[in-house]
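For reference, the chains in residue letters:
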Amino acid sequence: SDSCEYLLSSGRFLGEKVWQPHSCMMHKYKISEAKNCLVDKHIAFIGDSRIRQLFYSFVKIINPQFKEEGNKHENIPFEDKIASVKVDFLWHPEVNGSMKQCIKVWTEDSVAKPHVIVAGAATWSIKIHNGSNEALSQYKMNITSIAPLLEKLAKTSDVYWVLQDPVYEDLLSENRKMITNEKIDAYNEAAVSILNSSTRNSKSNVKMFSVSKLIAQETIMESLDGLHLPESSRETSAMILMNVYCNKILKPVDGSCCQPQPPLTLIQKLAACFFTLSIIGYLIFYVIHRNAHRKNKPCTDLESGEEKKNIINNPASPLEILLQSFCKLGLIMAYFYMCDRANLFMKENKFYTHSSFFIPIIYILVLGVFYNENTKETKVLNREQTDEWKGWMQLVILIYHISGASTFLPVYMHIRVLVAAYLFQTGYGHFSYFWIKGDFGIHRVCQVLFRLNFLVVVLCIVMDRPYQFYYFVPLVTVWFMVIYVTLALWPQIIQKRANGNCFWHFGLLLKLGFLLLCICFLAYSQGAFEKIFSLWPLSKCFELKGNVYEWWFRWRLDRYVVFHGMLFAFIYLALQKRQVLSEGKGEPLFSNKISNFLLFISVVSFLTYSIWASSCKNKAECNELHPSVSVVQILAFILIRNIPGYARSVYSSFFAWFGKISLELFICQYHIWLAADTRGILVLIPGNPMLNIIVSTFIFVCVAHEISQITNDLAQIIIPKDNSSLLKRLACIAAFFCGLPILSSIQDKSRH
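For the structure given in this document, a descriptive report is provided here. Treat the numbers as computed from the prediction; the structure is a model and nothing was measured. (Residues numbered from 1 in each chain as written. Predicted model: local features only at pLDDT ≥ 70, side-chain atom pairs only at ≥ 80, totals over all residues. Heavy atoms only, no water.)

### Observations concerning helix α18 (residues 503-524)
Then, in step 1: Counted at 1.5 Å a residue, the expected span for α18 with its 22 residues is 32 Å, and the 32 Å between its end C-alpha atoms agrees.
Then, in step 2: Tucked inside the fold, the buried residues of α18 contact α14 (409-437), α16 (472-488), α17 (495-500), α19 (526-533), α21 (549-557) and α22 (561-577). (Helix = DSSP H or I, 4+ residues; strand = E, 2+ residues; numbered from the N terminus. Expected span 1.5 Å × (residues − 1). Contact = heavy atoms within 4.5 Å.)

Structure below.
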């Protein structure tokens, strides 16, 4: 339903000064955004001292230096000539003939009407007439005469009637003691009943600004005089007004209140048709297959009670798997769209507290330790261990995102190490594969690229987002190609060749050294980096908001860690080949003295990094040092985890299960666990945060697991091992990606 109505009428405080509207997310407007929205606009505030407070707070969003000074009981103008924004406060403390005349002037065709009108008054009427019933009757008569005028203005302008906030009666001065909350409620009730019934339509065009009452109920105790709200409450009300008017104009990603549902693009419509046809095709295939199965069903011999022929279960055909996969994927993508594009489910802002981050971390740590099993092999970074590593890192990152912990710098820095550790594993894993297997064939490359990018490409189409928006996948994809090119280019140096002649080890080190030089050059030459990735068609993949700066920043943040992963893999495999390491079950990796020494150094290094990360002063300073020092904690963790033989022999099956779907979890969280492209939280069950997080998490994990299965099934069909078939498929994929830019340009023209 209408999120604007909820924004104006309901919500709750998440913490001090953090207001959460019911059902939607509120954007915090900056000066430039406010001016951009209100250019050539005229806003009028009309009413008493409380409306004057709201006027000041609203103006301070546009100009924070604007001072609250001058005669309080007169009109106050404000104008920003550069932005061409005009905001006026008109002093009319009572709903009477004077206010009516002011409003009536605006209804005349010859007069320029304000684009936004914010009005409200009552406390002066209560004060002047000592809270008499006659004054309330007169108020009802006056607001009844003004209501048709406001309704007429509301057809062309945004009109808000501000209901009266409660007072803190104990703090009121003697000449205001008659202003009681009981009287205020009576005046509010009169205003609501008259303004809402002033039109024959089912709904009045005059919007009730009643949310300030809820804000005041929580904060009026902080008032200096019991009547006027503290500054933080006024700022919240002013920001709500800004959201109501500007969200539909600027469409901020993290401001879902009052935003209309985005129209379907041409590409989205074509995707919907494709998935619909897939679902229909699979249903037809299923019905035909079922009927054929019934015809072939063996009949039982009534005399002997035996079946005449045996059933042979034929494996599913590639066409059936293909249709079934796209059928399931279509239903899942419909859920994605409903969660984060259609205005069907509620969204809420994140709010960080230490307990919201650390309590879930402790909980999953206990679960992970509880589910432990023996590993199949006891080598360093064996498959179960790397899956476990990915799993617990992914769960920590998910908790970090949903709790909004990026505002707490020590947590942010440790999460940056976890992202770096993923890239370290990319370098380690792919280098190890190419070094040992020597498989540089096109099938291997296509398989990896498909598994990495399939879900993201589908989401780019369905959710109308650029490829770079899902920044981690482009990052891993580019680094995979860098590893492949480094090792595949002449001379191809693999372990089998290097074992025959130590000279080849030196040649590989030269290759890695050249790679490091290239990384350093691109890291410190932003211009060269941007020129490379601004070339078409790379620009289509790596631009975000019209430039590649975001891509350069993300790449530069972890620029060395993949190289460190490759170098670690090379050293480890060389030591392993020369039988320097003891990787038997229960055996320490080195001799006892060396193992104890390395463990001590690792623990000290691990703690030293954590202390440094916790003492950082700002993100910019930390991010500058992070690429060079993150490897310290990664290597320390690997040694602590692998030097003791008993630690190498066990793993957490709980974490390993999540590790197998870590990529899908990372991508899916954008739209079906978080909301508004990770800026907020998806609310499937309003009013019960704990139950909501349980239900949404269960669906989210199930969907991620199902997408992982779909990706694996489709990879077997779309990327066959036969080279001639593969080349045909690649030609079709190339044609598809050539068609997307054409459709995108047609789409952009239709938008303009």
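### Things to note about the state of the cysteines
Then, in step 1: Throughout the structure, instances matching the rule amount to 4 disulfides.
Then, in step 2: Disulfide partner of C24: C257, at an S-S distance of 1.9 Å. As the torsion about the S-S bond is roughly 90°, the C24-C257 disulfide counts as right-handed. With C24 in the loop between β2 (18-21) and α2 (31-38) and C257 in the loop between α9 (231-250) and α10 (266-295), this pair connects stretches of sequence that are 233 residues apart.
Then, in step 3: Covalently, C616 is tied to C622 through a disulfide, its sulfur atoms 2.0 Å apart. Across this residue pair, the class does not change: C616 and C622 are buried.
Then, in step 4: Indicated for the protein is the disulfide connectivity 1-6, 2-5, 3-4, 7-8, based on numbering the bonded cysteines in sequence order.
Then, in step 5: Left without a disulfide partner, C446 is nearest to the cysteine sulfur of C732, which lies 13 Å away.
Then, in step 6: Owing to a relative accessible area of 10%, C446 belongs among the buried residues under this scheme. (Disulfide = S-S within 2.5 Å. Buried < 20%, exposed > 50% of the residue type's maximum accessible area, 1.4 Å probe, protein only.)

### Considerations on a nonpolar patch on the surface
Then, in step 1: On the surface, a nonpolar cluster with roughly 340 Å² of combined accessible area is contributed by L266, L270, I742 and I746.
Then, in step 2: Only α10 and α29 (723-751) provide two or more residues apiece to the nonpolar patch.
Then, in step 3: Assignment of secondary structure puts L266 in helix α10. (Patch = residues over 30% accessible without salt bridge, like charges linked within 9 Å, V, L, I, M, F, W, Y side chains within 5 Å. Areas by Shrake-Rupley, 256 points an atom, 1.4 Å probe, with all protein chains shown as cover. Salt bridge = Lys/Arg side-chain N within 4 Å of Asp/Glu carboxyl O.)

### Things to note about the packing of helix α11 (residues 318-340) against helix α28 (residues 689-718)
Then, in step 1: The geometry of α11 relative to α28 is characterised by a closest axis approach of 10 Å and an angle of 150° between their N-to-C directions. When the interaxial angle is binned, α11 and α28 end up roughly antiparallel. Once α11 is placed against α28, the crossing between them reads as left-handed. Between α11 and α28, the contacting residues are P318, I321, L322, S325, F326, K328, L329, I332, M333, Y335 and F336 on the first element and I699, V703, E706, I707, I710, D713, L714 and I717 on the second.
Then, in step 2: Within the contact of α11 with α28, the residues separate by chemical class into 15 nonpolar, 1 polar and 3 charged. (Axes fitted to C-alpha atoms, helices over the stretch in contact; angles between N-to-C directions. Parallel < 35°, antiparallel > 145°, perpendicular 65-115°, else oblique. Left-handed = near helix turned anticlockwise from the far one by under 90°. Nonpolar A, V, L, I, M, F, W, Y, C, P; charged D, E, K, R; others polar.)

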